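What follows is each chain in one-letter form.
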Amino acid sequence: LLGNRLMYGRRQLSTIATASTNDRGEFRLARLVAGRYYLRIAPTRGVFYGADRYAEEYCPAGLREAEAKPIDVRAGQEITGLRMRFKPNRGFRVSGHIVLPPGYSPTTAIPVSLNRTFGVYTWFSSMVYVKPERDGSFTWRNIGPGDYELRVGSSISNGERGPLYARLPVHVDQSDLSGLELRCHMARPVDIPGKLSFAARTKPRAMSVILSGPSMKTARVNEDGTFVLKDVMPGSYAAEAREVARKGLECPVGVQSVRYAGREALGRRIDVDAPADGDTLEITVAEQSAELQVRALADPPDAASLSWIYVVNAEGNLVCSMVARGDLVRRLSLLPGAYRVFAARDSTYGQSVDDADFLAAHEKDMPVVRLQAGQNPVVELRVLSR
């Protein structure tokens, strides 16, 4: 069961609840909050794993998200009679060949991968080994519709010229893809200049910037906030900032924003290509983190009961959730700012944080908390239950 939720600043269909069918193909999804949902049956997980196999489909019948019909569920309503009939589907073929740099002559096969990612998550990845001494061709069969990326990130090198590197986005829709050219180049390290600033616009303290990925790169931040990350190889990296404390210890700080090549980096992850052509990295951090203290109050009180506490930012994105037992105070470190906080009896409520009807029905139980840097007063929440 899917619902429209905000993920990395974009509204996407994401999983709300799952259930397995019995030997008669029957299923039941229960304990849902009111809202609009979409049904997807997935014998496989986003791709076709063999000829004449069944692919995931959206209700009432379609391979693509755009073919899904909404199912509106009111509070207390029970919906029955949903039926779907599957037909074997071979999927589509993705094929092409790699183009090597002039004079490159590897002695071993080159790994080429087909990946499906969103934000920092990889949903699907499959690898084949291409033999360049032949025609350098690659083929995947039985692939489902969607956006993918062909990638070469090989550690195979040719002397001192460095490893091969290539990336090519592909969109699989209604037909096979053939004749793709994945042009490789020699991956060379690049220098990434950047600037770190505080949200409060104060002068940076002793700070360092770190990229974590295929390798780890660190740079100290100058007094004016500038830095240069040296010899960064192509790949996907997560960016973070740390404060250099006494005795050389480094403490992570709250990052509010990461921008690379003029664009906001989803999930604080950047993709470095080569050449970088002067792309810069801009990081904004909070002057000081804020400590949120929350107590969940159940009715009737139960010291052994569990509840889920949710924190939602001003854009409606679920920032985090945590489990609380009884009425014990839970503490969480966040960036200063405004958040909506609520507690619920089970974990399905977290999927409704940007649903207008849900917010209107429980507005009094979901206070907006404006967190200041440092420790904030305890927020007491009534535990929502059905």
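Placed above this text is the structure.
Residues numbered from 1 in each chain as written. Predicted model: local features only at pLDDT ≥ 70, side-chain atom pairs only at ≥ 80, totals over all residues. Heavy atoms only, no water.

Draft legend 1. Here's a closer look at the environment of A239. Following the sequence through the fold, A239 ends up in strand β19 (residues 235-244). Put simply, A239 and I270 are 31 residues apart on the chain and 7.3 Å apart in space, counted from C-alpha to C-alpha. The contacts of A239, once residues within four sequence positions are left out, are I210, L211, V258, R268 and I283. (Helix = DSSP H or I, 4+ residues; strand = E, 2+ residues; numbered from the N terminus. Contact = heavy atoms within 4.5 Å.)

Draft legend 2. Looking closely at the environment of D299. Turning to its location among the elements, D299 is positioned in the loop between β25 (290-297) and β26 (306-313). Residue classification places D299 among the exposed residues on the basis of a relative accessible area of 72%. (Buried < 20%, exposed > 50% of the residue type's maximum accessible area, 1.4 Å probe, protein only.)

Draft legend 3. Quick look at the sheet that holds strand β15 (residues 190-198). A sheet is described by the order of its strands in space; here five strands give the open sequence β18-β15-β24-β21-β22, paired in mixed fashion. Looking at which strands have only one partner, the edges of the open sheet turn out to be β18 (226-232) and β22 (263-264). Bridging between β15 and strand β24 (residues 281-285) involves five bridges; their strand directions are parallel. From the neighbouring strand, S197 faces β24, where its bridge partner is T284. (Pairing = 2+ DSSP bridges.)

Draft legend 4. How the structure looks around the pattern of salt bridges. In total, this model carries twelve salt bridges according to the counting rule given. One salt bridge connects R24 with E26, and the closest N-O pair in it is separated by 4.0 Å. Residue classification places R24 among the exposed positions, given a relative accessible area of 67%. Classification of E26 as partly exposed rests on a relative accessible area of 40%. The partner of E149 in a salt bridge is R151, and the shortest N-O contact between them spans 2.4 Å. (Salt bridge = Lys/Arg side-chain N within 4 Å of Asp/Glu carboxyl O.)

Draft legend 5. Structural detail: the sheet that holds strand β10 (residues 137-143). One open sheet holds the three strands; their spatial order is β10-β7-β13, and the pairing between them is mixed. A strand with exactly one partner marks an edge of an open sheet, and here the two such strands are β10 and β13 (177-183). Taken pair by pair, the neighbouring strands of this sheet meet at an average axis angle of 25°, ignoring direction. Inspection of the sheet shows strand β7 (residues 92-99) paired to β10 by five bridges, in the antiparallel sense. The partner of G96 across the bridge, within β10, is F138. (Axes fitted to C-alpha atoms, helices over the stretch in contact; angles between N-to-C directions.)

Draft legend 6. Local environment of a nonpolar patch on the surface. A surface patch of nonpolar side chains, about 220 Å² in accessible area, is lined by F27, I79 and L82. Mapping I79 onto the fold places it in the loop between β6 (71-73) and β7. (Patch = residues over 30% accessible without salt bridge, like charges linked within 9 Å, V, L, I, M, F, W, Y side chains within 5 Å. Areas by Shrake-Rupley, 256 points an atom, 1.4 Å probe, with all protein chains shown as cover.)

Draft legend 7. Broad picture of the side chain of N115. If you trace the backbone, N115 turns up in strand β8 (residues 110-118). Here N115 falls in the buried class, since its relative accessible area comes to 6%. One polar contact links N115 to S125, side chain to side chain, over a distance of 2.7 Å. With residues near it in sequence (within four places) discarded, N115 still touches F124, S125, D147, Y148, E149 and R151. (Polar contact = N/O pair within 3.5 Å; in protein donor to acceptor, adjacent residues only side chain to side chain.)

All quantities given are derived from atomic positions and should not be read as evidence of function.
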